Amino acid sequence: GSDITRMDSTAVKTGNEWVINGAKEFITNAPIADVFIILCQTDPNAQPPHRGQSLFLAEKGMEGLEATKLHGKMGIKPCVTGSLSMADLKVPESNLVGDLGKGFYYTLELFDGTRIVVAAQAVGMAQGAFERALNYAKTRKQFGQPIFSFQGVSFKLAEMAMKIETARLLTYKAAWLYDKVKPDPVATSMAKAYSSRVAMEVTDDAIQIFGGYGYLADYHVERFHRCAKITEIYEGTSEIQKLTICNYLAKQP
């Protein structure tokens, strides 16, 4: 879920092993992965709870570890998604990743990078749909002229171009800050939230420009739209990104 400060999956120390119980949903590549990094609650009495979370390494084939493929996804169908269950999964003490009790903070650091990747993914989806719509508008003729000559179409494409460029620059800024070893969670959240919204809007407009053909799989823009939706959900929903931004604004004088 969106609130990783509260963790149901637990790891209990037994001798020189950790025994893990719990489950995780919607994991990219879960059915085909060889290695898993699992966030667990290792100190149930920690206050706040996230200070008692840790990361552990688990490997495919370990007893008590089971991955299941999820079916029927709306988009990103070539990307395999699954769930993971741990039932008395035993991992050696050496499989603790980093320091005990630091798992939550390591995960936030991970999000600072992966959310930029999702923002870039959203920009790419919007760009791909835009290019197809622009080409179609220039070649598709109605009333003896390309539909691009009609402002109802050309103005829509202009808006799409502006949105994509703005999303791209936001994403570049977040990536630049990350590369300078100064990851900025606010810049990252802005890039992801805005770019994913642009991806939804631009792919929707692309379908509209294609008209009835846009609703057909042969022209691919309907696929762009279905795939764009996930960028508003995974690696932290758009609502969570806005919460991060709001928390920053609340601290401003």
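Look above for the structure.
1. Considerations on the packing of aromatic side chains
Phase 1 of the analysis: Evaluated as defined, the whole model comprises 6 aromatic pairs.
Phase 2 of the analysis: Pairing Phe143 with Phe150 gives two aromatic rings, centres 6.3 Å apart and planes at 90°, and the pair type is edge-to-face.
Phase 3 of the analysis: Of the residues examined, Phe143 reaches a relative accessible area of 74% and is grouped as exposed.
Phase 4 of the analysis: Residue class for Phe150 comes out partly exposed when judged on its relative accessible area of 29%.
Phase 5 of the analysis: Measuring from ring centre to ring centre gives 5.3 Å for Tyr213 and Tyr219, while their planes differ by 45°; the resulting arrangement is tilted.
Phase 6 of the analysis: Here the aromatic cluster, defined as three or more aromatic residues joined through ring pairs, consists of Tyr136, Phe210, Tyr213 and Tyr219.
Phase 7 of the analysis: Across from the ring centre of Phe148, 5.9 Å away, lies the NZ or CZ of Lys138, which sits over that ring.

2. With respect to the pairing of strand 6 (residues 81-92)
Phase 1 of the analysis: In terms of strand pairing, strand 2 (residues 17-28) meets strand 6 through 9 bridges, oriented antiparallel. Bridge pairing in strand 6 places Thr28 opposite Thr81.
Phase 2 of the analysis: Two strands pair when backbone bridges link them, and strand 5 (residues 65-69) and strand 6 are joined in this way by 5 bridges, in the antiparallel orientation. Across the sheet, the residue bridging to Thr68 is Ser83, located in strand 6.

3. Considering the nonpolar core
Phase 1 of the analysis: Ranked by internal contacts, the top residues of the largest apolar core, which has 28 residues, are Ala133, Leu157, Met160, Ile164, Val202 and Ile209.
Phase 2 of the analysis: Secondary structure elements with two or more residues in this core: helix 1 (103-139), helix 2 (151-179), helix 3 (185-210) and helix 4 (221-228).
Phase 3 of the analysis: With 9 residues, the top contributor of residues to this core is helix 1.
Phase 4 of the analysis: Once you skip the residues sitting within four places of it in the chain, Val202 turns out to touch Ala126, Phe130, Met160 and Ile164.
Phase 5 of the analysis: Formed by 15 residues, the second largest nonpolar core is a distinct cluster that contains Ala58, Leu84, Met86 and Val91.

Conventions and cut-offs
Residues numbered from 1 in each chain as written. Predicted model: local features only at pLDDT ≥ 70, side-chain atom pairs only at ≥ 80, totals over all residues. Heavy atoms only, no water. Phe/Tyr/Trp six-rings, centres within 6.5 Å; stacked < 30°, edge-to-face > 60°. Buried < 20%, exposed > 50% of the residue type's maximum accessible area, 1.4 Å probe, protein only. Lys NZ or Arg CZ within 6 Å of the ring centre and 35° of its normal. Pairing = 2+ DSSP bridges. Helix = DSSP H or I, 4+ residues; strand = E, 2+ residues; numbered from the N terminus. Core = buried A, V, L, I, M, F, W, Y, C linked by side-chain atoms within 4.5 Å. Contact = heavy atoms within 4.5 Å.

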